[in-house]
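Listed below are the residues making up each chain.
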Amino acid sequence: MEFYPDIERSDLKDIKKFQEHKLQELLAYLQTYSPFYQKLFKENSINISGIQTLEDLQKIPTTTKNDLQEHNHDFFCISPDRIVDYSTTSGTLGDPVTFGLSDSDLERLAYNEAISFACAGIQKGDVVQMITTIDKRFMAGLAYFLGLRKMGASVVRMGPGIPELQWDSIFRYKPKYLITVPSFLLKMIDYAEKHGLDYKNSSVYGAVCIGESIKNQDFTDNILSQKIKEKWNIKLFSTYASTEMSTAFTECEFQMGGHHHPELIITEILDDNENPVQEGENGELTITTLGVEAVPLLRFKTGDIVKAHYEPCGCGRNTMRLGPVVGRKQQMIKYKGTTLYPPAMTDILNDFNTILCYQIVIQSNEIGLDEIVIKLSTEQDHETFVNDVRDHFRAKLRVSPKIEIVDFDILSKTVFNPNSRKPITFIDLR
């Protein structure tokens, strides 16, 4: 049972002790090899021997994405000749942030995805169709492939888009699982229905869903998930990860949040003052990577607002679980006295079957207040439809954003940009 680590079923005290030992190893590594953290320790008079417990982490300043962008090279702990793969993630200041991975990091990445997929029920011998890119310096696609290979699954590397080709592979190779952006499943269903494909009796049992939320905060299916399941009765599993973490939080069969892998990452949930939130409260996920060789991170603020769940899971794991991401901290919107995050608006728009595509644009008005513009493409009568959407927003979120109808051919080129790894449904112009 290599992919069901004993530490995840251990007593909470043993898990904490294990992580504290790993933390001390990391601190010694950073003190020796990381120019960025050497400087941070020195400037803040931090003696790493005084950091013995997880609680002691609060003595160390947090790291932000701006730090990564401004001092990217200083985060590297190994020489360029030991970098096996370069990946990038978007930065807050324009240019992408570069991450290098050593051979050891690629092994860690494979292990992470293998135990995450095992969490979702994927087993050796299963056929898995990847409906996601593996190129363009995209770490996740490479991670999925390495993890599936490590656990002995068979991989169909399809890449994103082209429903016709996806169905051809499904009927040809009979995958049990798909890895995909969940909204693309609706496009596949639509294609299958229009072309008379017997998709409901295909080999597909479940899909690991990336890039978009499929759950409400209470773990019930959100609108997107409901729309998929109404048409196609397959299992949908959430997974949450980022390039910076090189670690995934994936749901088990009980689907009550993504499981934490304590051998790979230390997590903190912090409030606006960087203090740990009370149990049951939302806060910013802040992570410390374990076992990363090239670009390890210490107390890195992800920008994602989440809630942690600590009650035991029916699968037997005792690890913390992360609920669906509430929103990105920098994408929080204050609109007429109401605090909003894009996922709440996305859920409302997904409730309308007649929306062909949409994009949420946030901008500042002339007096510096947040303004929301919803751009929509639809074949319905425009005036009636706009009123219906506006009323739905008022009922669900108590706000009424500005709504613009845009021709599908124009809007779709912005939303489905070929240079983007997923649909661009949110733009922040503030």
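Residues numbered from 1 in each chain as written. Predicted model: local features only at pLDDT ≥ 70, side-chain atom pairs only at ≥ 80, totals over all residues. Heavy atoms only, no water.

You'll find the protein entered in an unreviewed UniProt entry as Phenylacetate-CoA ligase, with Chryseobacterium lathyri given as the organism.

Caption draft 1: Layout of the packing of aromatic side chains. Inspection of every chain in the model, using the stated rule, returns 13 aromatic pairs. A centroid spacing of 5.7 Å and a plane angle of 25° characterise the contact between Trp 167 and Phe 171, whose relative ring orientation is stacked. Placement of both Trp 167 and Phe 171 in helix α6 (residues 163–173) is noted, with a separation of four residues, approximately one turn of the helix. By relative accessible area, Trp 167 is classed as buried at 1%. The cationic tip of Lys 176 hangs over the ring face of Tyr 205; the distance from NZ or CZ to the ring centre is 5.4 Å. (Phe/Tyr/Trp six-rings, centres within 6.5 Å; stacked < 30°, edge-to-face > 60°. Helix = DSSP H or I, 4+ residues; strand = E, 2+ residues; numbered from the N terminus. Buried < 20%, exposed > 50% of the residue type's maximum accessible area, 1.4 Å probe, protein only. Lys NZ or Arg CZ within 6 Å of the ring centre and 35° of its normal.)

Caption draft 2: Representation of the pairing of strand β17 (residues 355–364). Among the ten residues that make up β17, seven are buried, leaving the element largely enclosed by the rest of the structure. Two elements, β17 and strand β18 (residues 370–378), share nine bridges in a ladder whose sense is antiparallel. Pairing of Ile 355 across the sheet is with Thr 378, part of β18. Relative to strand β20 (residues 426–428), β17 runs parallel, the two sharing three bridges. Looking at the pairing, Ile 362 lines up with Asp 428 of β20. (Pairing = 2+ DSSP bridges.)

Caption draft 3: Structural detail: the sheet that holds β18. Spatial strand order, β19-β18-β17-β20: four strands in an open sheet with mixed pairing. Sheet topology places β19 (402–405) and β20 at the edges, where each strand pairs with a single neighbour. Taken pair by pair, the neighbouring strands of this sheet meet at an average axis angle of 20°, ignoring direction. With respect to the sheet, helix α9 (residues 342–349) is in contact with β17, β18 and β20, its orientation differing from that of β17 by roughly 150°. The sheet strands contacting helix α11 (residues 408–415) are β17 and β18, and the helix crosses β17 at an angle near 65°. (Axes fitted to C-alpha atoms, helices over the stretch in contact; angles between N-to-C directions. Contact = heavy atoms within 4.5 Å.)

Caption draft 4: View of the packing of α6 against helix α7 (residues 182–194). Relative orientation of the contacting elements α6 and α7 amounts to 80°, with a least axis distance of 9 Å. As the angle between them shows, α6 and α7 are arranged roughly perpendicular. Taken together, the residues of α7 that come into contact with α6 (itself represented by Pro 163, Glu 164, Gln 166, Trp 167 and Ile 170) are Phe 184, Lys 187, Met 188, Tyr 191 and Ala 192. Across the contact of α6 with α7, the residue classes break down as seven nonpolar, one polar and two charged. (Parallel < 35°, antiparallel > 145°, perpendicular 65-115°, else oblique. Nonpolar A, V, L, I, M, F, W, Y, C, P; charged D, E, K, R; others polar.)

Caption draft 5: Up close: the nonpolar core. Among the nonpolar cores identified, the biggest contains 42 residues, and Phe 41 and Leu 298 are the most heavily contacted of them. Breaking this core down by element, the ones donating at least two residues are α1 (12–33), α2 (35–43), β2 (97–101), β10 (265–270), β11 (282–289) and β12 (300–309). Residue contributions to this core peak at five residues, all from α1. Apart from the residues lying within four places of it in its own chain, the contact partners of Phe 41 are Leu 27, Leu 30, Gln 31, Ile 46, Ile 48 and Leu 298. Listed in part, the 22 residues of the second largest apolar core include Phe 352, Ile 372, Val 389 and Ile 403. (Core = buried A, V, L, I, M, F, W, Y, C linked by side-chain atoms within 4.5 Å.)

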